[in-house]
Amino acid sequence: FTKQNVEEVLAVASRMKELVAKRGGCDVLNHRIMANVFLEPSTRTASSFNAAFCRLGGKVITIQEGTSSTKKGETLQDTMRCVECYSDVLVLRHPETGAAKLAAKYVKKPLINAGDGAGEHPSQALLDMFTIFNELGHLDDIVVTMVGDLKYGRTVHSLAHLLSFYNVRLNYVAPASLQMPESVVQDMESRGIKQHKSEQLTDAILAETDVLYVTRIQQERFASQEEYLKYKGVYVIDKATVMKGKESMRVMHPLPRVGEIMEDVDELPQAAFFREMENGMYTRMAIIALVTGTAN
Ligand code: NCD
């Protein structure tokens, strides 16, 4: 991805938002089929990809872990080769890092990574960029504070990458053992991005933050339940926390939240996470339109 690619997605996503508001959708993908292959749980990503394809006029087939031949031991490449025969666009979520890259070797049709283990979540990062732009009006000169499980949380890996095209500063607030992976830190450094690690979400960090990007401790990636319980509830954002930040600060979260953001935050103008969730559909409409050459 280049900065130009990002800006193209954001511009098309804005048009998609208008299209949905005015007419609900269009029929550029009439008779086209998308395969939504979700081999790991999902609510927002799966349903927004599904809705996005339908709003562009196409139809969707869904493959899920519990009810597909993966359960019988079929390899990922065979599953993907299969759905490629029936569809025009493929979307894959998988519990293993690198799964989308592997699958891409075996299929020729456009394949969209909808999250690969603790690796990447590029469509989430694009919808997060769309959200930041819509909430703040700009992407340059901002301080983004990422909080929570930065090691296993794939959304922050992809988001950091896209933010690095802009003049941003990144704070990483996480327990030492769940800090941002060194590979991402080095990548940011090589792009001249200023980064700061902390175990505490201090008042000083809050005061300078434009986007407070909260993440869930990724229970499913821990070796044991005990290990997970050590970190559960380590950062909880409530109304009082938000009030310490700038009035223009925005609180984001890829969701699902499991206690990291209290419900007393929900009604504040700073709470952008539900708008972020809605933006997922417009951004995925844009991604689909761009990979199918139907964006114009
Ligand atoms: C995220 C994911 O699956 O990585 N959710 C999402 O796609 N909106 C974040 C998470 O599960 O914590």
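As shown above, the structure is provided for reference.
Residues numbered from 1 in each chain as written. Predicted model: local features only at pLDDT ≥ 70, side-chain atom pairs only at ≥ 80, totals over all residues. Heavy atoms only, no water.

1. Looking at the overall build of the chain
Thinking step 1. When its secondary structure is counted, the chain shows 11 helices and 9 strands.
Thinking step 2. Over its C-alpha trace the chain gives a radius of gyration of 19 Å, about what one expects of a compact globule, namely 19 Å for 296 residues.
Thinking step 3. Classification of the 296 residues of the chain by burial places 52% in the buried group.
Thinking step 4. In the chain, the proportion of contacts linking residues at least 24 apart, taken out of those at least 6 apart, comes to 72%.
Thinking step 5. A total accessible area of about 13600 Å² is found for the chain, and carbon and sulfur atoms account for 50% of it.
Thinking step 6. Counting 34 positive and 37 negative side-chain charges, the chain places the averaged centre of each group 5 Å from the other. (Helix = DSSP H or I, 4+ residues; strand = E, 2+ residues; numbered from the N terminus. Rg over C-alpha atoms; globule rule 2.2 N^0.38 Å. Buried < 20%, exposed > 50% of the residue type's maximum accessible area, 1.4 Å probe, protein only. Contact = heavy atoms within 4.5 Å. Areas by Shrake-Rupley, 256 points an atom, 1.4 Å probe, with all protein chains shown as cover. Lys, Arg positive; Asp, Glu negative; His and termini not counted. Charge placed at Lys NZ, Arg CZ, Asp CG, Glu CD.)

2. A short note on the side chain of T209
Thinking step 1. Following the sequence through the fold, T209 ends up in the loop between α8 (203-208) and β8 (211-214).
Thinking step 2. Among the residues examined, T209 registers a relative accessible area of 0% and is labelled buried.
Thinking step 3. Ignoring anything within four residues of it in the chain, the contact list for T209 reads V143, T145, N171, K246 and M249.

3. A look at the site of the ligand
Thinking step 1. Close to the ligand lie T45, R93, H121, Q124, R154, T155, R216, Q218, P254, L255 and P256.
Thinking step 2. Interatomic distance of 3.3 Å between a side-chain N/O atom of Q124 and a nitrogen atom of the ligand.
Thinking step 3. Measuring from a nitrogen atom of the ligand, one finds a backbone N or O atom of P254 at 2.9 Å.
Thinking step 4. Each residue belonging to the shell around the ligand can be placed in one class, and the counts come to 3 nonpolar, 5 polar and 3 charged. (Near = heavy atom within 4 Å. Polar contact = N/O pair within 3.5 Å; in protein donor to acceptor, adjacent residues only side chain to side chain. Nonpolar A, V, L, I, M, F, W, Y, C, P; charged D, E, K, R; others polar.)

4. Remarks on the pattern of salt bridges
Thinking step 1. All chains considered together, the criterion is met by 14 salt bridges.
Thinking step 2. Of the charged contacts in the structure, one is a salt bridge between D78 and R81, with a shortest N-O distance of 2.9 Å. Of this pair, D78 and R81 both sit in helix α3 (residues 76-86), separated by 3 residues, roughly a single helical turn.
Thinking step 3. By relative accessible area, D78 is classed as partly exposed at 33%.
Thinking step 4. By relative accessible area, R81 is classed as partly exposed at 38%.
Thinking step 5. One salt bridge in this structure joins R257 and D266, with 2.8 Å as the shortest N-O distance.
Thinking step 6. Three or more residues are tied together by salt bridges with common partners; here these are E40, R154 and R221. (Salt bridge = Lys/Arg side-chain N within 4 Å of Asp/Glu carboxyl O.)

5. Points about the environment of L229
Thinking step 1. In this fold, L229 is placed in helix α9 (residues 225-231).
Thinking step 2. For the pair L229 and G137, spaced 92 residues apart in sequence, the C-alpha to C-alpha distance is 39 Å.

6. Re the sheet that holds strand β2 (residues 59-64)
Thinking step 1. Taken together, the 4 strands give an open sheet; going across it, the order is β2-β1-β3-β4, and neighbouring strands pair in parallel fashion. Looking at the sheet topology across the chains shown, the edges are occupied by β2 and β4 (111-116). When strand polarity is set aside, the average angle formed by the axes of neighbouring strands in this sheet is 15 degrees.
Thinking step 2. In the sheet, strand β1 (residues 33-38) pairs with strand β3 (residues 89-94) via 5 bridges, with the strands oriented parallel. (Pairing = 2+ DSSP bridges. Axes fitted to C-alpha atoms, helices over the stretch in contact; angles between N-to-C directions.)

7. Focus on the pairing of strand β5 (residues 142-147)
Thinking step 1. Of all the 6 residues making up β5, 6 are buried; the element is thus mostly covered by neighbouring parts of the structure.
Thinking step 2. By the alternation rule, side chains of β5 split into I142, V144 and M146 and V143, T145 and V147, which are all buried.
Thinking step 3. Note: β5 against strand β6 (residues 168-173), 6 bridges, orientation parallel. What sits directly across from V147, in β6, is V173.

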